[in-house]
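Single-letter residue listing:
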Amino acid sequence: MERATTLKRSDPWVRLWLGAGFLTLLAGFYFALSAPPDANQGWLVRIMYIHVPTAWVGYLAFFGCLYYSVAYVIRRKEHYDRMAAVSAELGLIFLGLAIFTGSLWGRPTWGVYWTWDPRLTTTAILFVVYVGYFVLRAAIEDPELRAKAAAGVGILGSINVPISYMSVVWWRSLHQIQSINLMTGRVTIAPPMLLALMVNLAAFSLLFIGIARLRGQIALREALLEEEP
Amino acid sequence: MIGQAPKPRLLARSFWLAWRDLVLELRGRSGLLAAVFFLATVLLILGLALGPAPRQLAQAAPGVLWVALALAGSLLANRAFGLEVEDGTLEQLLLLPGEREWIYFGKLLFQFSLQVSVGLVLLVLTAGLFYLPLAAWPGIILTLVLGSLGYASISTFYAGLLVRLRGREVLLPLLLFPLVVPVVLAAVRATAGLAQGDWSEVGAWWRLLGSFDVIYVTVCALLFPGILEGG
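Residues numbered from 1 in each chain as written. Chains lettered and ligands numbered in written order. Predicted model: local features only at pLDDT ≥ 70, side-chain atom pairs only at ≥ 80, totals over all residues.

Caption draft 1: Region of the structure containing the overall build of chain A. Each helix and strand counted, chain A has 8 helices and 0 strands in total. Residues counted as buried form 38% of the 229 residues belonging to chain A. (Helix = DSSP H or I, 4+ residues; strand = E, 2+ residues; numbered from the N terminus. Buried ≥ 20, exposed ≤ 12 C-beta atoms within 10 Å, placed from the backbone.)

Set out below in structure tokens:
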């Protein structure tokens, strides 16, 4: 049963999600380019249309990893373990993109590629947590043991997401510093910019679902290949 | 060691497990002594690196204290399950009837006691070498207790997770450090506030540490039996 679905050439759902994602991305690209420049940042604001969606998908992916890790601990199905790994993988890629685009934006805006802003620091820490997740996966040969250990790290690591976020909030409220907030653009955002941002958010989310599904199928084939002599 | 009560008394079990580990640790000596001397070396190197100006050293002292303690914690974490695996006693622990959370709590208590005792030694050393003001010492000790509990909750969990793995000595710090950053950060801030006599933020950092402790201990205790099971 599982084998039959595996060997089907391509899953229509993957094509649907990816197709919708690419179409929305095209629309998002159009809206992003037609949106007006920001009063303070000028055209630099366009980086936001990539930066915010990648960061959003990164966090979404880590919550996906949490979801599938919990599901694995409860149900003990290999599928959940594979999907947790796929989610974490995509989360790393998108969070890496978010950090990269963020530093490209930071150089002309703040004058530096990197500052020790709490949000930046906690994001970097989050990145390291999931690098550790994959180092752990690579270190364990036995699939069941690997799945169990990875689920543990996936769950604890995801708990760090809201904790890091809260610590950012607490830090600010403690210090009362007027640090540059990456999200300030959203408060005073003009309708065309909001539209561009929303369309891009939708596009990246759709692409994420499509890629995750596709990657999950590839992971399944890899697992089946390992089993067969 | 464990009482012959008809119903397993899990709290007592946890306590006796921690007690046994502590006795073994004190008799063996090598682990604790090595950790303390390693830390003394770290402090000397940091002292040299940061320069001889007393004011700079005093400013860096809270950070030095907690970085050294975090390093010590990753050394000590390997002690939590190291002997169990060497002597093959982990299977016997797992064979005992009842839920397995008590193993986690026992090991946590053990790690916590080690962490706090090493922390106290470190505190005295940092006060001497880095001129950390100890006027508010009850507050600093409370910070030490809260921070050590948060640190130990995660280090114990990961030590149990990696117990049968080769190369765990390298993996453990890699997994452990990113997760304990919030705890270390809050502890450093609270210690710095206490050292400078600026109490305005200390309460907030304590609350933060307290909530980390509650969350980490709860989640780790819930997950631990599922992770350890069967090994």
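Caption draft 2: Seen up close, the overall build of chain B. If you tally the helices and strands in chain B, you get 8 helices and 0 strands. Order of helices (α) and strands (β) in chain B, N terminus to C terminus: α-α-α-α-α-α-α-α. In summary, chain B has a C-alpha radius of gyration of 18 Å against a globular reference of 17 Å for 231 residues, a match within 12%. Taken over the C-alpha atoms alone, chain B extends approximately 60 × 35 × 30 Å along its principal axes. Considering chain B as a whole, with its 231 residues, one finds that 43% of them fall into the buried category. Within chain B, contacts between residues at least 6 apart in sequence are counted, and of these 80% link residues at least 24 apart. (Rg over C-alpha atoms; globule rule 2.2 N^0.38 Å. Contact = placed C-beta atoms within 7 Å.)

Caption draft 3: Structural detail: the interface of chain A and chain B. In this assembly, 22 residues from chain A lie in contact with 19 residues from chain B. Secondary structure elements with two or more residues in the side of chain A that touches chain B: helix H5 (118-139) and helix H6 (143-175) of chain A. Broken down by element, the residue count for the side of chain A that touches chain B peaks at 13 residues, all from H6 of chain A.

Caption draft 4: Quick look at the nonpolar core. With 126 residues, the main nonpolar core has Ala84 of chain A together with Tyr158 of chain B as its most contacted residues. In terms of residues, this core owes the most to one element, helix H7 (residues 168-195) of chain B, which gives 16 residues. Beyond its immediate sequence surroundings of up to four residues, alanine 84 of chain A is in contact with Cys65, Tyr68, Ser69, Tyr72, Ala150, Ala151 and Gly154 of chain A. (Core = buried A, V, L, I, M, F, W, Y, C linked by C-beta atoms within 7 Å.)

Caption draft 5: Quick peek at unusual backbone geometry. The phi angle at arginine 76 of chain A is positive, at roughly 60°, despite the residue not being glycine. Topologically, arginine 76 of chain A is positioned in the loop between helix H3 (48-75) and helix H4 (78-110). We note that tyrosine 131 of chain B has phi near 55°; this positive angle belongs to a residue other than glycine. Considering the arrangement of structural elements, one finds tyrosine 131 of chain B in the loop between helix H5 (101-130) and helix H6 (137-161).

Caption draft 6: A look at the confidence of the model for chain A. Averaged over every residue, the pLDDT of chain A is 82; the share at 70 or more is 83%. Confidence drops under a pLDDT of 50 for residues 173-187 of chain A, and excluding neighbours within four residues, the segment shows 9 contacts in the predicted structure. (pLDDT = per-residue confidence, 0-100.)

Caption draft 7: Spatial organisation of the packing of H7 of chain B against helix H8 (residues 202-228) of chain B. All names here are of chain B. Two elements in contact, H7 and H8, have axes whose closest approach is 9 Å; the angle formed by their N-to-C orientations is 155°. Put simply, H7 runs roughly antiparallel to H8. Along this stretch, H7 crosses H8, giving a crossing that reads as left-handed. Listed contacts from H8 to Pro182, Val183, Ala186, Ala187, Arg189, Ala190, Gly193 and Leu194 of H7 are Val202, Trp205, Trp206, Leu208, Leu209 and Phe212. (Axes fitted to C-alpha atoms, helices over the stretch in contact; angles between N-to-C directions. Parallel < 35°, antiparallel > 145°, perpendicular 65-115°, else oblique. Left-handed = near helix turned anticlockwise from the far one by under 90°.)

Caption draft 8: Summary view of helix H2 (residues 30-50) of chain B. Spanning 21 residues, H2 of chain B covers 30 Å between terminal C-alpha atoms, matching the ideal 30 Å at 1.5 Å per step. For H2 of chain B, the elements touching its buried residues are helix H1 (10-28), helix H3 (54-87) and H5 of chain B. (Expected span 1.5 Å × (residues − 1).)

Caption draft 9: Spatial organisation of the packing of H3 of chain A against H4 of chain A. Residues and elements named next belong to chain A. Two elements in contact, H3 and H4, have axes whose closest approach is 7 Å; the angle formed by their N-to-C orientations is 160°. As summarised for this structure, H3 and H4 are arranged roughly antiparallel, according to the angle between their axes. Pair H3 / H4 crosses with left-handed handedness. Of the residues that constitute the contact of H3 with H4, the class distribution is 19 nonpolar, 9 polar and 2 charged. (Nonpolar A, V, L, I, M, F, W, Y, C, P; charged D, E, K, R; others polar.)

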